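Each chain, written out:
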Amino acid sequence: MLAGIGTIAALFLPIVFAAGPVLDPWLRRRRGSSTNNGGVADRSFVRIAPLDALAADGVPRFFPVIANKMDAWTTLPQQRVGAIFLVRKDDQGEPRVAAFSAACPHLGCIVDFNAQQQQFACPCHAAAFGLDGARVSGPSKRGLDALDVELRKSEDGTAEVYVAYQRFRPGLDVRVPLG
Ligand code: FES
């Protein structure tokens, strides 16, 4: 009897272990840790830049988002997964940084910042957004997607800007994470 169980285990255990990596993306999705933050390998905050790289003048500045990226069965280290605008406007000496996804909520083109008009402008279908990301005109049904920001100290004491990067479904008036 025991020999029979041992034989069955010897036959099937290698198959179970071999299937683990194959099923891994599916299992991760089932557990809710999938790539619905635009392919970023985990949901943690992504380091964007030192705080000192941002003048506290309220002018939006463009940054690529570089992070480990999930591609089905593999993790691709340090890939460009998106782009954002950071806006720093300090309050009584306290740094305040806002982040917006640079992906237009209409159909996903990358928006520019028009310094003359003090608006974000989409080159594809002329959507415009205010400095606070609110929709001003054009076909987008919602404003720019704001992202959570954290300021963290590096080991040498430098303040760094981290952003919880996330992509959202375009064309909607509400924010639905891409999954
Ligand atoms: S994609 Fe931006 S206005 Fe259409």
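Residues numbered from 1 in each chain as written. Predicted model: local features only at pLDDT ≥ 70, side-chain atom pairs only at ≥ 80, totals over all residues. Heavy atoms only, no water.

### Looking at the sheet that holds strand 10 (residues 149-153)
Pairing between sheet strands relies on hydrogen bonds along the backbone, with the strands arranged either parallel or antiparallel.
Part 1: Pairing in this open sheet of three strands is antiparallel, and the strands run 1-11-10 from one edge to the other. Each end of this open sheet is capped by a strand with a single partner; those strands are strand 1 (46-50) and strand 10. Across this sheet, the average inter-strand angle for adjacent strands is 35 degrees, counted without regard to direction.
Part 2: By the bridge criterion, four bridges tie strand 1 to strand 11 (residues 159-163) in an arrangement that is antiparallel. Bridge pairing links Ala49 to Val161 in strand 11. (Pairing = 2+ DSSP bridges. Helix = DSSP H or I, 4+ residues; strand = E, 2+ residues; numbered from the N terminus. Axes fitted to C-alpha atoms, helices over the stretch in contact; angles between N-to-C directions.)

### A few points about the pairing of strand 11
Part 1: The element strand 11 is extensively covered by neighbouring structure, given that four of its five residues are classed as buried.
Part 2: Strand direction decides the pairing type here: strand 10 and strand 11, joined by five bridges, are antiparallel. Paired with Arg152 across the bridge in strand 11 is Glu160.
Part 3: Turn length for the strand 10-strand 11 hairpin, with the two strands adjacent in sequence and antiparallel, is five residues, and the turn residue Gly157 shows positive phi of about 90 degrees. (Buried < 20%, exposed > 50% of the residue type's maximum accessible area, 1.4 Å probe, protein only.)

### Remarks on the environment of Phe85
Part 1: Its location among the elements puts Phe85 in strand 3 (residues 74-88).
Part 2: Judged by its relative accessible area of 4%, Phe85 falls in the buried class.
Part 3: Spatially, the C-alpha atoms of Phe85 and Ala146 are 9.5 Å apart, while their sequence positions differ by 61 residues.
Part 4: Apart from the residues within four sequence positions on either side, Phe85 is in contact with Pro60, Arg61, Phe62, Ala98, Ala99, Phe100, Ala102, Val111, Asp112, Phe113 and Phe120. (Contact = heavy atoms within 4.5 Å.)

### Looking at the pairing of strand 3
Part 1: As defined by bridge partners, strand 2 (residues 61-71) adjoins strand 3 across ten bridges and the pair is classed as antiparallel. Opposite Arg61, over in strand 3, you have Leu86 as the bridge partner.

### Observations concerning the pattern of salt bridges
Part 1: The final tally for this structure, using the stated rule, is six salt bridges.
Part 2: For the salt bridge of Asp57 with Arg61, the shortest nitrogen-to-oxygen distance reads 3.0 Å.
Part 3: Of the residues examined, Asp57 reaches a relative accessible area of 39% and is grouped as partly exposed.
Part 4: Residue classification places Arg61 among the partly exposed positions, given a relative accessible area of 25%.
Part 5: Look at the salt bridges and you will find they share partners, linking Arg142, Asp145 and Arg175 into a network. (Salt bridge = Lys/Arg side-chain N within 4 Å of Asp/Glu carboxyl O.)

In short, geometric facts, not functional conclusions.
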